[in-house]
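Close look at the chain arrangement
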Amino acid sequence: MSIVLVKVLGLDIGGANTKAACVQTLENTIREVQVFTKYFPVWKNPEKLVEILQKLGEAAGGNFDGIGVTMTAELSDVYKTKRVGVEHILGCVKKVFSEVPIYVLTSDITLKTLKEALASPLQVAAANWAATGWLVAQYFENCIVLDVGSTSTSIIPIINGKIAVQGKNDLDKLICGELVYTGSLRTNLAAIVQTVPVRDNVATVSSELFALSGDIHLILGHINSEQYTCETADGKGVTCKEALTRLARLICADTEMLTEKELIEIAQYIYKKQIQQITTGLNQVYQHAKKTATTKIPIIITGLGKDFLAYKAAEQMIPQTVVIDLDKLLSDKVSLAVPAVGVALMSIKQGGEKK
């Protein structure tokens, strides 16, 4: 009797971060999961994506039995349309992994061949939420997944064992609350607040790209400098002092005009407003999901911002519900790249079914 060892690389190709998960199974049981992340702003040099994918494949040791792919990078404005983005991204994947079966995730929670995906590009655009939902649905019959990443927040209802989203694309998800464009690192603070309190007054904010959400969370101690993995708004460093300098510019001031205490108070105010952004979307999805759920609906939190954004947003739910950290089921490394892990496991299952 032969022992079946399968090794698949899952890729979640985002506009700013590309994540890879190398999953090995032995006789259909997970043996090892490795996660790799590369900060890569695709809009700066889209042709470099080939090099990024090569490096991720090498880091995972190569010799793959299959490649699972999902993406959000097609939304980048370097591409004229999403179709053009999907075609370019999948072309890069094919160049790097030409000798390996490639499976591409769709918004219908199925995997397509490369040829099929290219024939229906809008079906595979921004479908990484489907991998996250599929993975969590292996553990929970009813829940809502709250995934707060560096750029955006995905809210995925799972009802009676099935992913029960209203929206299949980003536009529809923004309408129904399943996508909230606020994240742990890359959100322009002017997209979170229009005014901030200062010295017993209220100041409107500048709409310039002066500071990011990463600055707020660095100042408040939610992340450290190593976790601030994206570029800063001014291209400078990721110390607390430099973050305070950027925050002061949000209201057209500087650190000689505002004290550290005043800036920290502004940071705390913006933090609360960001939590409210997420809670609004979460409540919208929860109210719709509870109409068909047969049991109580816990909130499953994951992503880079799970502890200081997702958990806090879930705490404010009305009515309150149970909050479960996905790390309790999976390792903390996995929770930072859930779509990549999910699409890898889906690909292993599909590959086995086709044998």
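All of these numbers come straight from a predicted model, not from anything done at the bench.

Thresholds applied
Residues numbered from 1 in each chain as written. Predicted model: local features only at pLDDT ≥ 70, side-chain atom pairs only at ≥ 80, totals over all residues. Heavy atoms only, no water. Helix = DSSP H or I, 4+ residues; strand = E, 2+ residues; numbered from the N terminus. Rg over C-alpha atoms; globule rule 2.2 N^0.38 Å. Buried < 20%, exposed > 50% of the residue type's maximum accessible area, 1.4 Å probe, protein only. Contact = heavy atoms within 4.5 Å. Areas by Shrake-Rupley, 256 points an atom, 1.4 Å probe, with all protein chains shown as cover. Lys, Arg positive; Asp, Glu negative; His and termini not counted. Charge placed at Lys NZ, Arg CZ, Asp CG, Glu CD. Pairing = 2+ DSSP bridges. 1 Å grid on protein atoms, 1.4 Å probe; cavity = no way out; pocket = protein on both sides within 12 Å on 5 of 7 lines; lining within 4 Å. Points joined across faces, edges and corners; volume = space filled by probe spheres on them. Nonpolar A, V, L, I, M, F, W, Y, C, P; charged D, E, K, R; others polar. Axes fitted to C-alpha atoms, helices over the stretch in contact; angles between N-to-C directions. Arc of directions from axis to C-beta. Parallel < 35°, antiparallel > 145°, perpendicular 65-115°, else oblique.

Some points on the overall build of the chain
Of the regular secondary structure elements, the chain holds 12 helices and 14 strands. Taken over C-alpha atoms, the radius of gyration comes to 21 Å for the chain, in line with the 20 Å a tight globule of 355 residues would show. Its C-alpha atoms put the chain at 75 × 50 × 35 Å along the principal axes. Counting over 355 residues, the chain shows a buried share of 54%. Within the chain, residue pairs in contact and separated by at least 24 positions form 64% of the contacts whose partners lie at least 6 positions apart. Taken as a whole, the chain presents about 16300 Å² of accessible surface, with 51% of it coming from carbon and sulfur. In the chain, 36 positive and 36 negative side-chain charges are present, and the distance between their average locations comes to 4 Å.

Here's the deal with the pairing of strand β8 (residues 153–159)
With 7 of 7 residues buried, β8 is to be regarded as a mostly interior element. Neither face of β8 is left uncovered, since the one carrying Thr 153, Ile 155, Pro 157 and Ile 159 and the one carrying Ser 154, Ile 156 and Ile 158 both have all their residues buried. As judged from the 6 bridges shared by strand β7 (residues 143–148) and β8, these two strands associate in the antiparallel manner. Bridge pairing links Leu 146 to Ile 155 in β8. Counted between consecutive antiparallel strands, the loop separating β7 from β8 contains 4 residues. Sheet analysis places β8 next to strand β10 (residues 179–180), joined by 2 bridges and oriented antiparallel. Bridged to Thr 153 within β10 is Val 180. Relative to strand β9 (residues 162–163), β8 runs antiparallel, the two sharing 2 bridges. When the sheet's bridge partners are listed, Ile 158 is paired in β9 with Ile 163. Where β8 hands over to β9, the hairpin turn is made up of 2 residues, of which Asn 160 adopts a positive phi near 50°.

So, the layout of surface pockets
By volume, the largest pocket is sized at about 770 Å³. Together, 35 residues line the largest pocket, and Thr 72, Asn 128, Thr 151, Ser 152 and Tyr 181 are the ones closest to its centre. At the level of secondary structure, the elements contributing two or more residues to the lining of the largest pocket comprise β2 (17–26), α5 (128–137), α6 (170–176) and α12 (338–353). In terms of residue class, the lining of the largest pocket is made up of 13 nonpolar, 14 polar and 8 charged. The volume enclosed by the second largest pocket comes to roughly 600 Å³. Along the wall of the second largest pocket there are 28 residues; nearest its centre are Val 6, Thr 25, Leu 345, Ile 348 and Lys 349. Elements represented by at least two residues in the lining of the second largest pocket include exactly β1 (5–13), β3 (29–39), α5, α11 (332–335) and α12. It is α12 that contributes the most residues to the lining of the second largest pocket, 7 residues altogether. A breakdown of the residues in the lining of the second largest pocket according to their chemical character gives 15 nonpolar, 8 polar and 5 charged.

What to know about the sheet that holds strand β4 (residues 66–71)
Strand pairing in a sheet relies on backbone hydrogen bonds, with the paired strands running either antiparallel or parallel. Within the open sheet, the 6 strands sit side by side as β3-β2-β1-β4-β5-β6. Their pairing is mixed. If you trace the sheet from one side to the other, it starts and ends with β3 and β6 (111–113), each paired once. For this sheet, the mean inter-axis angle between neighbouring strands, taken without regard to orientation, is 25°. Inspection of the sheet shows strand β5 (residues 102–105) paired to β6 by 3 bridges, in the antiparallel sense. Along β6, the bridge assignment pairs Val 104 with Lys 112. Relative to the sheet, helix α2 (residues 82–96) contacts β1, β4 and β5, its axis offset from that of β4 by approximately 160°.

Focus on helix α1 (residues 49–59)
Of the positions making up α1, those classed as buried are Leu 49, Val 50, Ile 52, Leu 53, Leu 56 and Gly 57. One side of α1 carries all its buried residues, which in axial view fall inside an arc of 160°. Those residues of α1 hidden inside the fold are in contact with β1, β2, β3 and α2. The positive-phi residue at the C-terminal boundary of α1 is Gly 61, with phi of around 95°.

Observations regarding the packing of helix α8 (residues 240–249) against helix α9 (residues 260–289)
Running from N to C, α8 and α9 point in directions that differ by 75°, and their axes come no closer than 10 Å. Between α8 and α9, the angle is such that the two are roughly perpendicular. For the pair α8 and α9, contact is made by Leu 244, Leu 247 and Ala 248 and by Glu 260, Leu 263, Ile 266, Ala 267 and Ile 270, respectively. Of the residues that constitute the contact of α8 with α9, the class distribution is 7 nonpolar, no polar and 1 charged.

A few points about unusual backbone geometry
Backbone phi values are negative for most residues with the exception of glycine, while trans is the configuration of most peptide bonds. Phi at Ala 126 takes a positive value of approximately 50°, unusual for a residue other than glycine. Inspection of the secondary structure assignment puts Ala 126 in the loop between α4 (121–124) and α5. Exposure remark for Ala 126: the relative accessible area of 5% places this residue in the buried category. With a phi close to 60°, Asp 200 is a non-glycine residue in the positive phi region. Structurally, the position occupied by Asp 200 is in the loop between β11 (195–198) and β12 (201–204). Classification of Asp 200 by relative accessible area gives exposed; the value is 84%.

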